[in-house]
Amino acid sequence: MDAIPLSKIAEPIRSIRDHFERRQRIDDATGRELRHVLRELDLATPGGATVQGSGHSVIRHLEPALARRPGQLTDVIDAFRPFFAGLPWRYSYASRADAPGLELNMGWAELVGPVAPFRSDTVCLGFTLIGPRINYPLHWHPAVEVYLVINGTAIWTAGQQSARRAPGEYILHPSKVLHAMRTEEEPLLAVYTWSGDVNTLSAYGD
Ligand SMILES: [Fe+2]
């Protein structure tokens, strides 16, 4: 798999920032978090000259995840379309007996973070991709997390609340709040951010 010059990834990241810049004008918890994230993203530095893809199994879900669906964030999809398959997709939990195949059907591609193509110790930015009919069980982390759904409608749970979330919706997970996602017939593609303690990984909550 050919490496992607880092400069080619910088441009499409602007399509995500455009969404965040609009949303941060709303003065609620999500808006304030995105304002903080945008400031920290400005301080990220290149970690190398290129991005190296991983070829992780989850990329077989990319084509259906990029298919035209109501409300999809076409600008982000189009900006990253040439690069999605070459991103460093990974999955870093141990496999679970009660969720067989999870490690082959979900993954994330970090663009900004402690070990990502653009380096930051205060913020992460990346994509999460989950294949259809997959339950990503309850988990938590100290970092504050914001998701922006790019394509695919899925069931999102945080604390005691579950809801079907559509493309264009933002989901805020405060520090240490248990949350989960479950896909139905559509794969899910979302952008995530972390801020705060970005070095402590997620842990399962059950
Ligand atoms: Fe999370």
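Residues numbered from 1 in each chain as written. Predicted model: local features only at pLDDT ≥ 70, side-chain atom pairs only at ≥ 80, totals over all residues.

Asker: Got a minute to help me understand the nonpolar core in this structure?
Answerer: Nonpolar side chains tend to gather and get buried jointly when the protein is soluble and globular. Ranked by internal contacts, the top residues of the largest apolar core, which has 52 residues, are Leu-111, Val-112, Val-123, Leu-148, Ile-150 and Ala-190. Elements supplying a minimum of two residues to this core: helix H1 (6–23), helix H2 (29–41), helix H4 (74–80), strand E5 (106–113), strand E7 (123–130), strand E9 (144–151), strand E10 (154–158) and strand E14 (188–195). In contact with Leu-148, not counting residues within four places along its chain, are His-19, Tyr-170, Ala-190 and Val-191. (Core = buried A, V, L, I, M, F, W, Y, C linked by C-beta atoms within 7 Å. Buried ≥ 20, exposed ≤ 12 C-beta atoms within 10 Å, placed from the backbone. Helix = DSSP H or I, 4+ residues; strand = E, 2+ residues; numbered from the N terminus. Contact = placed C-beta atoms within 7 Å.)

Asker: Just checking my understanding: could you explain the pairing of strand E13 (residues 179–183) for this structure?
Answerer: Two faces, one strand: in a regular strand the side chains alternate between the faces of the sheet. Across the two faces of E13 the burial differs, with His-179, Met-181 and Thr-183 buried and Ala-180 and Arg-182 not buried at all. Bridge count between strand E8 (residues 135–140) and E13: 3 bridges; the pairing is antiparallel. For Asn-135, the partnering residue across the bridge sits in E13 and is Arg-182. Of the strand pairs in this sheet, E10 and E13 are connected by 5 bridges, and their pairing is antiparallel. (Pairing = 2+ DSSP bridges.)

Asker: Sorry if this is basic, but what is going on with the environment of Thr-30 here?
Answerer: Of note, Thr-30 is situated in helix H2. Each C-alpha atom, one on Thr-30 and one on Glu-145, is 9.4 Å from the other, the two residues being 115 residues apart in sequence.

Asker: Is there a simple way to think about the sheet that holds strand E15 (residues 203–204) in this case?
Answerer: The strands making up a sheet are joined through hydrogen bonds of the backbone, oriented either antiparallel or parallel. Sheet architecture is open: 5 strands sit in the order E11-E10-E13-E8-E15, paired in antiparallel fashion. Every other strand in the sheet has two partners, leaving strand E11 (161–165) and E15 as the edge strands with one partner each. One ladder, built from 5 bridges, connects E10 with E11; its direction is antiparallel. For Trp-156, the partnering residue across the bridge sits in E11 and is Ala-163.

Asker: What am I meant to see in unusual backbone geometry here?
Answerer: For Arg-133, which is not glycine, the phi torsion reads 55 degrees and is therefore positive. Mapped onto the elements, Arg-133 comes out in the loop between E7 and E8. Of the residues examined, Arg-133 has 12 C-beta atoms within 10 Å and is grouped as exposed. If you check the backbone angles, Lys-176 has positive phi at about 70 degrees while not being a glycine. When you line up the elements, Lys-176 lands in the loop between strand E12 (170–173) and E13.

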